Amino acid sequence: MATTQRNNTALDELRKSDVMAHLLDSLDAGKDIGHYGRLVFAMVAWRFLPEDDVVRLLQQDNDFNEADARALYLQVKSHDYSPPKREKLLDYQAKQDFPIIPNPDDPDSGNLYRDLQFPDQVYEHISEYYEEKAGA
């Protein structure tokens, strides 16, 4: 019961983002959210939810099975991908039919870093990247 409550809290946290709420609702409806929609979902959700929950949610996409979902989860986690910025979301969205950002004309829509509080290691990873880039 404690795990279910913790996961519901994590889902509530994810729903603070218009992008993640949109992706969760679309997955709940069994929609195909596209390759980049699934990638974005995994890049964010693995920071909040256990592997089995992320895999279960991804499987709700009508074009994705358990093996595909688990492989995507493991790929995202092993590469420690940081959640994408709005500009990257718009780039991804242009490459597929499914709209990742529900309201792309709103400049605040799709800002994952404004809407969600990620674990400290995400921000540390981003800082390290920019420090390395500045030193190059």
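As a reminder, the structure under discussion sits directly above these lines.
The model shown is predicted, which means the values in this text are computed figures rather than measured ones.

### Some points on the overall build of the chain
When its secondary structure is counted, the chain shows eight helices and zero strands. Out of the 136 residues belonging to the chain, those deemed buried represent 40%. Of the contacts made within the chain by residues no fewer than 6 positions apart, 62% connect residues no fewer than 24 positions apart.

### Notes on the nonpolar core
One recurring pattern in soluble globular proteins is that nonpolar side chains are buried together. Residues Leu14, Met20 and Phe41 are the most contacted members of the largest nonpolar core, which totals 35 residues. Of all elements in the fold, only helix H1 (2–14), helix H2 (18–28), helix H3 (34–45), helix H4 (51–58), helix H5 (66–79) and helix H6 (86–94) reach the threshold of two or more residues within this core. At seven residues, the largest contribution of residues to this core is made by H3. Residue contacts for Leu14: discarding those within four places in its chain leaves Met20, Ala21, Leu24, Val44, Ala45, Phe48, Leu49 and Leu116.

### Some remarks on the packing of aromatic side chains
Applying the stated rule across the entire model yields three aromatic pairs. With a centroid separation of 4.7 Å and an interplanar angle of 20 degrees, the aromatic rings of Tyr36 and Tyr92 are classed as stacked. With Tyr36 in helix H3 and Tyr92 in helix H6, this pair connects stretches of sequence that are 56 residues apart.

### Focus on H2
Of the residues making up H2, those classed as buried are Val19, Met20, Ala21, Leu23, Leu24, Ser26 and Leu27. For H2, the side-chain oxygen to backbone nitrogen distance between the N-cap and Val19 is 3.2 Å, and the N-cap itself is Ser17. The first or second residue beyond H2 is Gly30, which carries a positive phi of 75 degrees.

### A short note on the side chain of Arg86
By the element assignment, Arg86 lies in helix H6. Polar side-chain contacts of Arg86 include one of 2.4 Å to the backbone oxygen of Ser109. Those residues in contact with Arg86 that sit more than four places away from it in its chain are Ile101, Pro104, Asp106, Pro107, Ser109 and Gly110.

### Quick word on the environment of Tyr36
With 53 residues separating them along the chain, Tyr36 and Leu89 place their C-alpha atoms 8.5 Å apart. In this structure Tyr36 touches Tyr92, Lys95, Gln96 and Ile100, once residues within four positions along its chain are discounted.

### A look at H3
For H3, which comprises twelve residues, the first-to-last C-alpha distance of 16 Å matches the rise-based estimate of 16 Å (1.5 Å per residue) to within 8%. For H3, a buried count of ten out of twelve residues is recorded, marking the element as mostly surrounded by other parts of the structure. Within H3, burial applies to Gly34, Gly37, Arg38, Leu39, Val40, Phe41, Ala42, Met43, Val44 and Ala45.

### Brief notes about the pattern of salt bridges
Applying the stated criterion across every chain yields a total of 13 salt bridges. The salt bridge partner of Asp108 is Arg114, with a shortest N-O separation of 3.5 Å. Taken together, the shared-partner salt bridges connect Glu51, Asp52, Glu66 and Arg70 into one network.

Procedures and definitions
Residues numbered from 1 in each chain as written. Predicted model: local features only at pLDDT ≥ 70, side-chain atom pairs only at ≥ 80, totals over all residues. Heavy atoms only, no water. Helix = DSSP H or I, 4+ residues; strand = E, 2+ residues; numbered from the N terminus. Buried < 20%, exposed > 50% of the residue type's maximum accessible area, 1.4 Å probe, protein only. Contact = heavy atoms within 4.5 Å. Core = buried A, V, L, I, M, F, W, Y, C linked by side-chain atoms within 4.5 Å. Phe/Tyr/Trp six-rings, centres within 6.5 Å; stacked < 30°, edge-to-face > 60°. Polar contact = N/O pair within 3.5 Å; in protein donor to acceptor, adjacent residues only side chain to side chain. Expected span 1.5 Å × (residues − 1). Salt bridge = Lys/Arg side-chain N within 4 Å of Asp/Glu carboxyl O.

By themselves these figures say nothing about function.
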